[in-house]
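Examination of the molecular architecture
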Amino acid sequence: MTTRRSFLASLLAAGAAPRLGWAAVGDPSYLAAAREGDGGFALYGLDGAGRATFRVPLPARGHAGAGHPKRAEAVAFARRPGTFALVIDCVSGAVLHHLTPPEHRQFNGHGVFARAGAVLFTSEQKSETSEGVIGVWDVGSGYTRIGEMASAGIGPHDLRLMPDGKTLVVANGGIATDPSDRTKLNLETMRPNLTYLSLAGTVRDQVELEPDLWQNSIRHLAIRSDGLVGFAMQWEGAPGAATPLLGLHRRGAALVLAQAPLRDELAMQGYAGSIAFSGDSTELAITSPRGGRMHRFSSEGKFLGVVSRADICGLAPQGNGYLASDGLGGLIAVDRTGPAPLARLECAWDNHIVSL
């Protein structure tokens with residue numbers, strides 16, 4: 001009988017590197033970065049119940065990750081502004097490739113695979129002007145950079161692949177930053193937008209907020225299977241404003257801004273850190289670690305309620321509701337009946353949970 005060990009040994013002897021799928025690391029449902037108790041950093045795979053299926057160390061704080069759609073391989077992006085991204089073999093923990101943006105470019109914390117995992121797109125900006133760039137990397141040749149295209153905005157952050165597999169949606173946050181220390185340089189003149197690009201870089205659609213909300217930076221995205229886009233915002237204007245922090249958009253239609261009651265909106269402190277549709281796609285939510293709150297909304301933008309949790313931020317679909325994480329190592333499930341604790345690890349989860 002051929003064992004797994006002898007099969008892998010024969011492949012290695014023949015000079016072929018096996019490319020194992022996610023089953024080899026416990027079929028995780030999510031990726032999440034964390035700061036550990038000893039001050040180090042790691043990337044975790046999590047199953048649907050919040051249990052760790054794998055852990056690989058990171059050399060510095062991670063922000064978000066992108067999981068390859070077929071093999072147990074993840075790209076971990078440094079916190080913005082970043083000068084590196086690591087392609088990690090989640091089976092062995094080995095760093096397969098170090099990705100570095102070209103001179104005078106910086107990574108902005110997010111990326112997404114397209115064309116069945118053949119291409120990686122990364123959100124970037126020009127260091128001196130913060131003009132948005134989408135980097136293009138050929139996965140099959142060892143993540144060779146093969147080009148770039150304009151994001152059609154300033155300071156792009158999150159980007160996602162639309163359900164048609166042919167369109168990227170980009171959150172151009174509108175904020176110009178100092179490349180050395182993240183100082184915000186243009187808060188009085190910022191102008192965020194939501195842009196849809198073809199995979200070749202053609203602008204297919206673009207929408208903006210009204211001028212009185214131009215200081216509401218569009219940061220993070222969630223996509224429903226029918227093409228509805230949710231976006232989370234962070235207010236950069238005068239403190240104490242109760243601006244909407246959730247937007248909804250469908251290509252060809254007007255933006256819809258969803259707002260909580262005044263008291264609840266003020267409690268978010270102008271900051272939405274993460275966003276996700278529920279597992280059954282009937283609603284969506286945003287989180288605020290500053291406010292210690294999660295706000296739930298219908299897919300039409302009606303406020304449904306609040307979940308209170310200290311330092312809550314990471315959010316992803318789970319079951320009929322959500323998986324959420326906090327900065328104290330906690331993972332909770334949230335559905336219409338309320339929150340339920342799942343697990344707690346000796347770490348501080350970073351801002352995002354990425355669904356695989």
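Cut-offs and rules
- Residues numbered from 1 in each chain as written.
- Predicted model: local features only at pLDDT ≥ 70, side-chain atom pairs only at ≥ 80, totals over all residues.
- Heavy atoms only, no water.
- Helix = DSSP H or I, 4+ residues; strand = E, 2+ residues; numbered from the N terminus.
- Rg over C-alpha atoms; globule rule 2.2 N^0.38 Å.
- Contact = heavy atoms within 4.5 Å.
- Areas by Shrake-Rupley, 256 points an atom, 1.4 Å probe, with all protein chains shown as cover.
- Polar contact = N/O pair within 3.5 Å; in protein donor to acceptor, adjacent residues only side chain to side chain.
- Pairing = 2+ DSSP bridges.
- Axes fitted to C-alpha atoms, helices over the stretch in contact; angles between N-to-C directions.
- Salt bridge = Lys/Arg side-chain N within 4 Å of Asp/Glu carboxyl O.
- Buried < 20%, exposed > 50% of the residue type's maximum accessible area, 1.4 Å probe, protein only.
- Phe/Tyr/Trp six-rings, centres within 6.5 Å; stacked < 30°, edge-to-face > 60°.
- pLDDT = per-residue confidence, 0-100.
- 1 Å grid on protein atoms, 1.4 Å probe; cavity = no way out; pocket = protein on both sides within 12 Å on 5 of 7 lines; lining within 4 Å.
- Points joined across faces, edges and corners; volume = space filled by probe spheres on them.
- Nonpolar A, V, L, I, M, F, W, Y, C, P; charged D, E, K, R; others polar.

What follows concerns the overall build of the chain. Along the backbone of the chain there are two helices and 28 strands. The C-alpha radius of gyration computed for the chain amounts to 20 Å, which stays within 12% of the reference 21 Å derived for 356 residues, consistent with globular compactness. Pairs at least 24 residues apart make up 46% of the contacts formed inside the chain by residues separated by at least 6 positions. Only carbon and sulfur atoms are counted for the fraction: they give 52% of the accessible area of the chain, which is about 14,800 Å².

Attention now goes to the side chain of N108. With respect to the element layout, N108 can be found in strand β8 (residues 105–114). Among the polar contacts made by the side chain of N108, one reaches the main-chain carbonyl oxygen of P156 at a distance of 2.7 Å.

Let us now look at the sheet that holds strand β20 (residues 274–277). One open sheet holds the four strands; their spatial order is β20-β21-β22-β23, and the pairing between them is antiparallel. Every interior strand has two partners, whereas the edge strands, β20 and β23 (303–308), have only one. Put simply, the sheet's adjacent strands are angled 20° from each other on average, direction ignored. Sheet topology places strand β22 (residues 293–298) next to β23; five bridges connect them, and they run antiparallel. Paired with R293 across the two strands is S308, which belongs to β23.

Next up on the list: the pattern of salt bridges. Under the defined criterion, the tally for this structure stands at 17 salt bridges. Put simply, R105 and E148 hold a salt bridge, and the shortest N to O gap is 2.7 Å. Here R105 is found in strand β8, whereas its partner E148 is found in strand β11 (residues 144–154), with 43 residues between them in sequence. Taking the relative accessible area as the measure of exposure, R105 reaches 18% and is therefore buried.

With that out of the way, let us pick up the packing of aromatic side chains. If you walk through the whole model with that rule in mind, you get six aromatic pairs. Where Y44 meets W349, the ring centres are 5.3 Å apart and the plane angle is 75°; that geometry is what we call edge-to-face. Here the residue Y44 occupies a position in strand β2 (residues 41–46), and W349 occupies one in strand β28 (residues 347–355), the gap between them amounting to 305 residues. A relative accessible area of 7% places Y44 in the buried class. Judged by centre distance (6.2 Å) and plane angle (75°), the ring pair of F77 and F107 falls under edge-to-face. Placement of the pair is F77 in strand β5 (residues 73–78) and F107 in strand β8, with a sequence separation of 30 residues.

Next up on the list: the environment of L228. Along the chain, L228 turns up in the loop between β16 (216–223) and β17 (229–235). Separated by 66 residues in sequence, L228 and M162 place their C-alpha atoms 9.2 Å apart. Each residue touching L228, except ones within four places of it in the same chain, is listed here: A222, I223, L248, H249, R250, F277 and S299.

So, on to the confidence of the model for the chain. Of all residues in the chain, 94% have pLDDT values of 70 or greater, and the mean over the chain is 91. Low pLDDT, under 50, characterises residues 1–16; the stretch is placed with seven contacts to residues that sit more than four places away or in other chains.

To continue, consider empty space enclosed by the protein. A full pass over the atoms with the stated rule returns four cavities of 30 Å³ or more. Along the walls of the second largest cavity sit L31, A32, A33, L43, H63, A64, G65, H352 and V354, which together make up its complete lining. Breaking the lining of the second largest cavity down by element, the ones donating at least two residues are β1 (30–36), β4 (62–67) and β28. Class assignment for the residues of the lining of the second largest cavity results in six nonpolar, three polar and no charged.

Bringing the layout of surface pockets into the picture now. Empty space within the largest pocket amounts to approximately 930 Å³. If you trace the largest pocket, you find 44 residues lining it, with V112, R160, V354, S355 and L356 closest to the centre. Those elements giving two or more residues to the lining of the largest pocket turn out to be β4, β8, β12 (156–161), β16, β20, β24 (312–318) and β28. Broken down by element, the residue count for the lining of the largest pocket peaks at six residues, all from β8. Looking at the lining of the largest pocket, its residues break down into 25 nonpolar, 15 polar and four charged. Volume-wise, the second largest pocket comes out at about 600 Å³.

All right, on to unusual backbone geometry then. At S130, a residue that is not glycine, the phi angle is positive and equals roughly 65°. For S130, the location among the structural elements is in the loop between β9 (119–126) and β10 (131–138). Using a relative accessible area of 1% as the deciding quantity, one classes S130 as buried. Unusually for a residue other than glycine, D311 sits at a positive phi of about 60°. In this structure, D311 sits in the loop between β23 and β24. You can call D311 partly exposed: its relative accessible area is 35%.

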